[in-house]
Amino acid sequence: MRVLVTGGAGFIGSHIVHTLLERGVHVAVLDNFSSGHSENLPKGVLVYQVDVRDREAVFDVFESFRPTHVSHQAAQISVSRSVKDPYFDAETNVMGGLNVLDAAVKGGVKHFVFASTGGAIYGEVPEDRRAREEWPARPASPYAAAKASFEYYLSVYRQQFGLSYTALRYGNVYGPRQDPHGEAGVVAIFSQRLLRGEPVRVYAKERRGDEGGVRDYIYVKDVVAANMLALERAVPGVFNVGTGIGHSTVEVLDAVAAALGVTPVVEYSGIRPGDLQRSVLDPGKLEELGWQANVDFADGIAETALWFKNNQR
Ligand SMILES: NC(=O)c1ccc[n+]([C@@H]2O[C@H](COP(=O)([O-])OP(=O)(O)OC[C@H]3O[C@@H](n4cnc5c(N)ncnc54)[C@H](O)[C@@H]3O)[C@@H](O)[C@H]2O)c1
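Residues numbered from 1 in each chain as written. Predicted model: local features only at pLDDT ≥ 70, side-chain atom pairs only at ≥ 80, totals over all residues. Heavy atoms only, no water.

Here the focus is the packing of helix H9 (residues 249-260) against helix H11 (residues 297-310). Relative to each other, H9 and H11 sit at 55°, their axes nearing to 9 Å. With respect to H11, the element H9 is oriented oblique. Of the two possible hands of crossing, H9 and H11 adopt the one that is right-handed. Contacts from Glu251, Val252, Ala255, Val256, Ala259 and Leu260 of H9 reach H11 at Phe297, Ile301, Ala302, Ala305, Leu306 and Lys309. Partitioned by chemical class, the residues of the contact of H9 with H11 number ten nonpolar, no polar and two charged. (Axes fitted to C-alpha atoms, helices over the stretch in contact; angles between N-to-C directions. Helix = DSSP H or I, 4+ residues; strand = E, 2+ residues; numbered from the N terminus. Parallel < 35°, antiparallel > 145°, perpendicular 65-115°, else oblique. Left-handed = near helix turned anticlockwise from the far one by under 90°. Contact = heavy atoms within 4.5 Å. Nonpolar A, V, L, I, M, F, W, Y, C, P; charged D, E, K, R; others polar.)

Right, dumping it as structure tokens:
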């Protein structure tokens, strides 16, 4: 296996890169380092500093590295940026993605794994229900619309070119190395702000002062395991990657504060445009293949918060 990891210098991508290398797989990273960092990468890994929007450069990478498998993690990941600038979001997440996809087809790639979103693609998930893969996509943001579009392209490329692919619809992924400077990744943001003694903001679920939106928080190691399964077994199809359990923003805050032994100062805000009230995934389809979320919420949050304590950026 020769795996090209786009976005490999980012949070999830870098965990995938580390695990692939541990397993003795040939790996190369394609990243423009817009939110990724070279410190995330193991020393000596082959890196192409390329923007997925640069079609010619993307094709050159495929010609040079000749991957058999692609792990496509590179993306503009902010929902609220996508609301403010849908064009930029689509340029990266649709057009950039198509550059990678076309190069993969031309290069005869055996299997393509795509980082999709379970957290945004289904729209609102009613109380006491968990979203299943067969539910229709109901994007509520340009980010989700772009991810859903790319899944359609994958399906079309399978029909037209026989491309084998897995779309992994991640819940809210958290863990060490998550970028605390962006606005995605509440666990990283809370960890860093509490460590600095700064106040934290809780965006409303329905009205200012409530417990905040409910999400399916999944630890990055469990997400990497799903990616390994998809790459190594070339499993075709679309799969949720979540725990099936929802936690509110305030529950996350309490868990981070408990892990760090601090008392947070909280500012309550209104609803953020594009945000959902509730998103919880049914991971049953992936579990049938032997995968399961192994990391408990409190343990995963504590590990993440302590990592930030020991690695303050
Ligand atoms: N973190 C989550 O909770 C979550 C949830 C659902 C889906 N996802 C998806 O998982 C993937 C990885 O997300 P992450 O949380 O690790 O984010 P991240 O920002 O840490 O990683 C994204 C990587 O892509 C790179 N990148 C961005 N634009 C690029 C471009 N134009 N050309 C080349 N590289 C580019 C960045 O530099 C970064 O290294 C993304 O596709 C994201 O949409 C993440």
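Quick look at the pairing of strand E8 (residues 200-203) now. The side-chain alternation of E8 yields one buried face, formed by Val200 and Val202, and one unburied face, formed by Arg201 and Tyr203. Bridge count for E8 against strand E13 (residues 266-269) is four bridges, and the pairing is parallel. Within E13, the residue paired with Tyr203 across the bridge is Ser269. (Buried < 20%, exposed > 50% of the residue type's maximum accessible area, 1.4 Å probe, protein only. Pairing = 2+ DSSP bridges.)

What follows covers the site of the ligand. Taken together, 28 residues sit near the ligand, with Asp31, Ser35, Gln73, Tyr143 and Val173 positioned nearest. Contact between the ligand and Ser34: an oxygen atom at 3.1 Å from a main-chain N or O atom of the residue. Those elements that place two or more of their residues in the shell around the ligand are helix H1 (11-22), strand E5 (111-117), helix H6 (142-161) and strand E7 (172-174). Counted by class, the shell around the ligand contains 13 nonpolar, eleven polar and four charged residues. (Near = heavy atom within 4 Å. Polar contact = N/O pair within 3.5 Å; in protein donor to acceptor, adjacent residues only side chain to side chain.)

With that out of the way, let us pick up the nonpolar core. By size, the foremost hydrophobic cluster in this structure holds 32 residues, and its most contacted members are Ile12, Leu20, Leu168, Tyr170, Val173 and Val241. Secondary-structure elements contributing two or more residues to this core are strand E1 (2-6), H1, strand E2 (26-31), E5, strand E6 (165-170), helix H8 (220-232) and strand E11 (237-241). The greatest single-element share of this core, amounting to eight residues, is contributed by H8. Those residues in contact with Val173 that sit more than four places away from it in its chain are Phe11, Ile12, Gln178, Ile218, Val220 and Val223. In terms of nonpolar packing, the next biggest core, distinct from the first, is built from 31 residues, Val61, Phe112, Phe150 and Tyr165 among them. (Core = buried A, V, L, I, M, F, W, Y, C linked by side-chain atoms within 4.5 Å.)

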